[in-house]
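# Coordinates in review
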Amino acid sequence: MSVATAPDPPAAFEWRRWPETESVVNELVRSALAGNAFASRLAERMVPETGTIIQNWLDHLVVGAPPSFGSRLIGLGFERQAAPYAVGTPLYAHPGAIFPRIAHAPSADGGTVVKELAIKVESAAAFSGAHNLGLKLQGYPLGPYRFGRVTGDATDLVVVERRGYLGFEAFPSESARQGLMKPHAARDAMAARDLWLARKRRFDDDAEGFDATERLVDEVIDLAGSRDLACHLIFEVERDYWQSRNRAAQVQKARQDRLGLGWANHDHHTFRCSRRFFPRVMRIFQKLGFELRERFHAGEHAGWGAQVLEHPTTGIVIFADLDLAPDEAAQDFAHHALPDLPKLGTVGLWVALHGESILEAGMHHLEAQFEFDALRDGLKAEAGVETMAPFSDFPFLRQAFTAGERWRVAPQRADRAFASGWITADQRDKFFRDGAIGSHLENLQRREGFKGFNQQAVSAIIAATDPRLH
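We now turn to the structure provided with this report. Along each chain, numbering runs from 1 in the same order as the chain's sequence is written. Totals for whole chains, interfaces and linings use all residues, but because this is a predicted model, local features are given only for residues with pLDDT of at least 70 and pairs of side-chain atoms are given and counted only at 80 or more. With hydrogens and water stripped out, all remaining heavy atoms of the structure feed into the side-chain values.

## Topic: the nonpolar core
For the record, the criterion: Among buried residues, the Ala, Val, Leu, Ile, Met, Phe, Trp, Tyr and Cys ones that are joined through side-chain atoms within 4.5 Å form a nonpolar core. Partly exposed describes any residue whose relative accessible area lies between the buried limit of under 20% and the exposed limit of over 50%, with all areas from a 1.4 Å probe on protein chains only and scaled to the type maximum. Here a strand is any run of E in DSSP of at least two residues, a helix any run of H or I of at least four, and the numbering for each starts at the N terminus. In this analysis, two residues are considered to be in contact whenever any of their non-hydrogen atoms come within 4.5 Å of each other.
Counting 52 residues, the largest nonpolar core has Phe 235, Phe 285, Leu 288 and Phe 290 as the members making the most contacts within it. The leading source of residues in this core is helix H8 (residues 227-243), at eight residues. Residues contacting Phe 235, with those up to four places away along its chain left out, are His 269, Phe 271, Phe 285, Leu 288, Phe 290, Ile 316 and Ile 318. Core analysis: the next-biggest nonpolar cluster, separate from the first, contains 39 residues, Val 24, Ala 43, Val 63 and Phe 99 among them.

Below, the structure is given as structure tokens:
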């Protein structure tokens, strides 16, 4: 995979595969499931009922092991974190791959045992209700960290919900110092979420829309009390908005909710953007704490580029794409606006027909982590949802879109695209009559901890979703 590197920050993003690390993590998971009957049954149900495996939901593991275990983790690519899991229990994270964090607890008898298997969900209460568990939850509603515990013979299953927090305290002292644990914090979080939920998305002038949206981001951050929590709340709303306009998403969300999981398996969120306003989109995301990751340009004839961003606290990843000419690949398009092109590419035309993703249109797709074949077959069998041919089909990375959701195109948008010479009269009439492809759910299966994207394959699927081809 060839990846162009953004000049800011000056870092390379050549994501490796870690098969040995995956093997060790999978063995720890198997051991944990053998020590908790409920977790084992849950893992068995996940594949046929949701098209996922339990590895798609892991938050962390607590492993009781001899002192040499820490050195072994470092040899597998993990790094010891400054903040421990608990006193006397160091925490390790893998910076170059997608693996759960692992806490190394002292071993009572010199052996190795998984003491806790923690999975991430959107709501621990919803999980408890879905399984009739009656869990006694630790942590405040809408607080930074809330969890419930299902005890097992050797391993406890811990069901975790997080909101912009990486620690393991139900009532974190640092959050208290920031005012996030005050009595009315939950009320403020709900109010901040409602600000974004109630916002105006459709404007006659996109510049006015970006001005209003940037001001609102500041208000949400101020009311939420932190940009990390604001980021979490805003992306909850963005997923809901995208889901409201995509049937495949509605079907799959219902499947995952039957097991009380929500969208906690999200991998990345794709926003389509115009060239002119791309830096405004980046500024909004960076206000929320996102950092720039790899930048894409898939060759001379691809016609598009993308900036990947990742949030260090929430773990949310964004894939933001735009039309890009071949000679613009080396430019810092994340910070400097590009002039309009004489002819729109796939991304630019989608924005012209539907609007900016951050405004009226919403996300082009959400990509979540699944067991590829199980999701494809389950969606087809349960609701007749079709899946397009895979655009990545490797042992370590499989990707495919569900069939596109066709959206109505506003007449003024089709007329503007025709008047600008971007589409023909016949295309304008067809878009007005039949609509145009709007959004997808993306089926993603990762293996070996691979964190990157297949650039050439992404280019092929972007070309395949051009509204003029449908």
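There is more to say, and it comes next.
## Remarks on the environment of Glu 371
As for its placement among the helices and strands, Glu 371 is situated in the loop between strand S12 (365-369) and helix H13 (372-383). Separated by 280 residues in the primary sequence, Glu 371 and Leu 91 have C-alpha atoms spaced 28 Å apart.

## A word on the side chain of Glu 328
With respect to the helices and strands, Glu 328 occurs in the loop between strand S11 (317-323) and helix H11 (346-354). On the accessibility criterion, Glu 328 (8% relative accessible area) is buried. Ignoring anything within four residues of it in the chain, the contact list for Glu 328 reads Arg 275, Phe 333 and Leu 338.

## Notes on the side chain of Gln 369
Test applied: For the purposes of these results, a polar contact is taken to be a pair of N or O atoms within 3.5 Å, where, inside protein, one atom must be able to donate a hydrogen and its partner to accept one; residues adjacent in sequence count only when each atom of the pair is a side-chain atom.
Topologically, Gln 369 is positioned in strand S12. Within polar-contact distance, the side chain of Gln 369 engages the side chain of Asp 267 at 3.0 Å. Dropping the residues within four chain positions of it, Gln 369 is found in contact with Thr 52, Asn 56, Ile 98, Asn 265, Asp 267, Leu 444 and Arg 446.

## As for the packing of aromatic side chains
This is how it is decided: Whether two aromatic rings pair depends on their centres lying within 6.5 Å, for rings of Phe, Tyr and Trp, where Trp uses its six-membered ring; planes under 30 degrees apart make the pair stacked, over 60 edge-to-face, and the rest tilted. In this scheme, Lys NZ or Arg CZ marks a charge over a ring once it lies within 6 Å of the ring centre and within 35 degrees of the ring normal.
Across all of its chains, the model carries 24 aromatic pairs by this definition. On the basis of an interplanar angle of 35 degrees and a centroid distance of 6.3 Å, the ring pair of Trp 304 and Phe 319 is categorised as tilted. Here the residue Trp 304 occupies a position in strand S10 (residues 304-310), and Phe 319 occupies one in strand S11, the gap between them amounting to 15 residues. One aromatic cluster is present, built from ring pairs that chain together Tyr 85, Tyr 145, Phe 147, Tyr 165 and Phe 168. A cation sits over an aromatic face here: Arg 201 above Tyr 241, 3.7 Å from the ring centre. A cation over an aromatic ring shows up here: Arg 428 above the ring of Phe 418, its NZ or CZ 4.4 Å from the ring centre.

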